[in-house]
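Here is what each chain is made of, one letter per residue.
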Amino acid sequence: MFPTSNESLKVMSHCVVGFPSLEENEHAIDGLVAAGIRLIELQVPFSDPVADGPVLVNACVKALARGGSFEATLALARKVSRRHPEVTFVLMSYLNPIYQYGIPAAIDEIANAGIEGIIVPDWPVEAMRPHLPHMEKRGVAPILMVTPNTASTRIAEIASASRGMLYVVSRMGVTGSSTHWGEEFQIYIARVKKHTNLPLAVGFGVRTREDLQALRGRVEVAAFCSQYIEWQAELGSERAAERMAQVVQSIHAA
Amino acid sequence: MISSEQGLFGEFGGRYVPEILRPALCQLEDIYQQLRSDENFWQEYLQLTQEFSGRPTPLTPLPRLSESLGGAKIWLKREDLNHSGAHKINNVLGQALLVKRMGKQRIIAETGAGQHGLATAIIAARMGLQATIYMGSEDVERQYSNVFWMRQLGAEVVPVSHGSCTLKDALDEALRDWAASVDDTHYVLGTACGPAPFPELVTYFQRVISQEIRAQAKHQIGALPNAVVACVGGGSNALGAFCDFLDEPSVRLLGVEAGGRSQQPGQHSIRLQGDLASPGIAQGYKTLFLQNRDGQLGETHSIAAGLDYVGVSPVLADLVARGRVDATSATDSEVTHAFQLLMRYEGIIPALESSHALAGGFALAKKMQPHEHVVINLSGRGDKDIFNIAQALPQQEWLDFLKREVTRTEQRLRESANNPNREEQYVSNV
Ligand SMILES: Cc1ncc(COP(=O)(O)O)c(C=O)c1O
């Protein structure tokens, strides 16, 4: 289940399938759930992830060498979605692995694996449109992205194709570096809200508790991804999950 | 002349980019559409290529080699004589005019052989722009002379050391930079690939090659050539050479890909022939990619850094699918042989990329009649390949020279460390 509008801030976190290894992915997800995370992106590793920064690019390279793939993502999703029915799993991928699988078949398998939504940064709304009815039928929510330089008419168009939530890219650039949540950001969020009632998920550059405090009360979801993968790479999945638990607590505490 | 319906060429092309890049591509598309129908703009472009790059480049007959091979008469279109040594400058000059109109202050580029990076660094210096060039770390090593020049010209060269460390990874990195900098930065894409409008835009500027071949052939041969041959990395020099002959069915058009070491995965860059490559969507567009069943783009190889790209121009993919352009390939060793032939018979030192076109063109010419004419597009000159060639044709003399040069350089560095005010400092302190 996706959050509803005006709910308190939820943290979404991340898993690059195959990184650090396929076996560890399962434990890492158990750890995230224990830490209180209820929204998890399963990223299909890709050889050319153009919307990602160095942390996720490097994780993708390693994940591919360790057996990460679209099929492996489905297999992992089947296991963890059954084990954690309270968690919403979202598939994040670039278009090519989905395209090679065959788009309609891929949507079916995504649904069968218990995945509730997809985020595909290089799948523009006009190219996705012919497939929207099938996604609707199978209950796979297309979560599209808007960015600070997206024109208002296009925000409306993207929002009307989206389901579940709308992914709000916080700033210009790829995943991983930090963001300022000043006045400009507030104006941007207000502009997006004019065009949709969908819950908003803000991503790209959410890395600290301060970032979460800044987003609390403004949007429904904060995507805390690159920083988590960095912790995972440096400290191991267990310690990374402990840090995520602190992150989740910090937004309830304040 | 090619032109697309919404950036599509048959089933290929399109614009599959993260949302953040869309406005910049739409802006570029608008400017391109305006200028495309503006004859004055084309004249401004031609003037720039004449004044800065040395156009028109000659059409050179190869009498000794043609006679020795015993087939058709062979001609070279001399893109190697452009300033900076390759056809890449044509596109860079054209895009520089667009940058001027857009008022942007910074340009970025990806480069394989370094010729596109060099051309970009040159135009940045001339126009007073900031330039960042992304280059696979493996290509940095293979084409170091170009890296050296780009840096001396004031450009920042960023080695990309993940993935396959070659051209495709440099392209990814340039797209990432652009996503963060679209407001003040133009991405000077170096070949007829990537999201719309780049494939069409780059072809539009390279078209100057076939316009000249056409006029020169009429004058020097008295007729259109029977065949035009070009190497294919991304496809920009090939499309440039083919463009004005697309509606001339009597002119055979042949693209030559890198056959590398073998047709095993990772050992070549053959995308247009057989089923080694398949349709895919990546790096912002749909084309034939070397990839696995999971849609992961594959490794490639070529002796020529500028040809080991994993995709290919959607315009060419479509022309081959429609049967208008033929494709063949040349292996690393065939390429080295063709390279030597041209040097020994005609006194011209070709780029390793262009030597693929020579290998394919020579093989074709042999099968043709003496009254027929083949034009091979010599996309670049071979100076940049001196280290690669020296390795391919190992000689004690070269090794001895390198050792002496290392000793001399070490000595100079020691001296300047002891005496920081020496005049060598001058170059970096401009
Ligand atoms: C001399 C030369 N020829 C050919 C190429 C291949 O590019 P394209 O296929 O776009 O012409 C390159 C690319 O770096 C090059 O430097």
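Criteria and cut-off values
- Here the residue numbers are simple positions, counted from 1 along each chain's written sequence.
- Written order determines the labels here, with chains lettered from A and ligands numbered from 1.
- Side-chain atom pairs in this predicted model are given and counted only at pLDDT of 80 or more, local residue features only at pLDDT of at least 70, and totals for whole chains, interfaces and linings cover all residues.
- Side-chain figures throughout are based on the complete set of non-hydrogen atoms in the structure, without hydrogens or water.
- For every residue, the accessible area (1.4 Å probe, protein chains only) is compared with the maximum for its type, and the residue is labelled buried under 20%, exposed over 50%, or partly exposed between those bounds.
- Each helix is a run of DSSP H or I of at least 4 residues and each strand a run of E of at least 2, with the numbering of both proceeding from the N terminus.
- A strand pair is defined by DSSP finding two or more bridges across the two strands.
- Cysteine sulfur atoms are paired as a disulfide whenever they come within 2.5 Å of each other.
- In this analysis, rings of Phe, Tyr and Trp, with Trp reduced to its six-membered ring, are considered paired at centre separations within 6.5 Å, and the interplanar angle assigns stacked below 30 degrees, edge-to-face beyond 60, and tilted for intermediate values.
- A positively charged side chain is recorded as over a ring if its NZ (Lys) or CZ (Arg) lies within 6 Å of the ring centre. The angle to the ring normal must also be within 35 degrees.

Asker: Whenever I open this one, the pairing of strand 12 (residues 285-289) of chain B confuses me. Can you help?
Answerer: Consecutive side chains along a regular strand alternate between the two faces of the sheet. All names here are of chain B. In terms of burial, strand 12 is a largely internal element, 5 of the 5 residues being buried. Pairing between strand 11 (residues 278-282) and strand 12: 5 bridges, direction antiparallel. Looking at strand 12, one finds that Pro279 is bridged to Leu288. Hairpin connection from strand 11 to strand 12: 2 residues lie between these consecutive antiparallel strands, with Gln283 at a positive phi of about 50°.

Asker: I'm lost on the state of the cysteines in this one. Help?
Answerer: A disulfide bridge is the covalent bond that connects two cysteines by way of their sulfur atoms. By the definition in use, this model includes 0 disulfides over all chains. The cysteine B:Cys165 is free of any disulfide, with A:Cys60 supplying the nearest cysteine sulfur at 15 Å. Free cysteine: B:Cys193, not disulfide-bonded; nearest cysteine sulfur from B:Cys231 at 13 Å.

Asker: How do you make sense of unusual backbone geometry when you look at a structure like this?
Answerer: Glycine aside, residues mostly have negative phi, and peptide bonds are mostly found in the trans state. A cis amide bond links A:Phe19 to the next residue, A:Pro20, at an omega of -10°. Tracing the sequence through the fold places A:Pro20 in the loop between strand 1 (10-16) and helix 1 (22-34). Here the amide bond leading from B:Ala196 into B:Pro197 is cis, since omega sits at 10°, within 30 degrees of zero. By secondary structure assignment, the location of B:Pro197 is in the loop between strand 8 (185-187) and helix 9 (198-206).

Asker: What exactly am I supposed to notice about the packing of aromatic side chains here?
Answerer: Between two aromatic rings, the relevant description is the distance of the centres plus the angle of the planes. All names here are of chain B. Scanning the model with the defined rule gives 19 aromatic pairs over all chains in all. Centroid distance Trp42 to Tyr45: 5.0 Å. Interplanar angle 45°. Geometry classified as tilted. Of this pair, Trp42 and Tyr45 both sit in helix 2 (residues 39-53), 3 residues apart, roughly one helical turn. Residue Trp42 shares its accessibility class with Tyr45, and that shared class is buried. Three or more aromatic residues joined by ring pairs make a cluster, and in this case those are Tyr32, Phe41, Trp42, Tyr45, Tyr204 and Phe205. Lying across the ring of Trp42, Arg207 places its NZ or CZ 5.7 Å from the centre.

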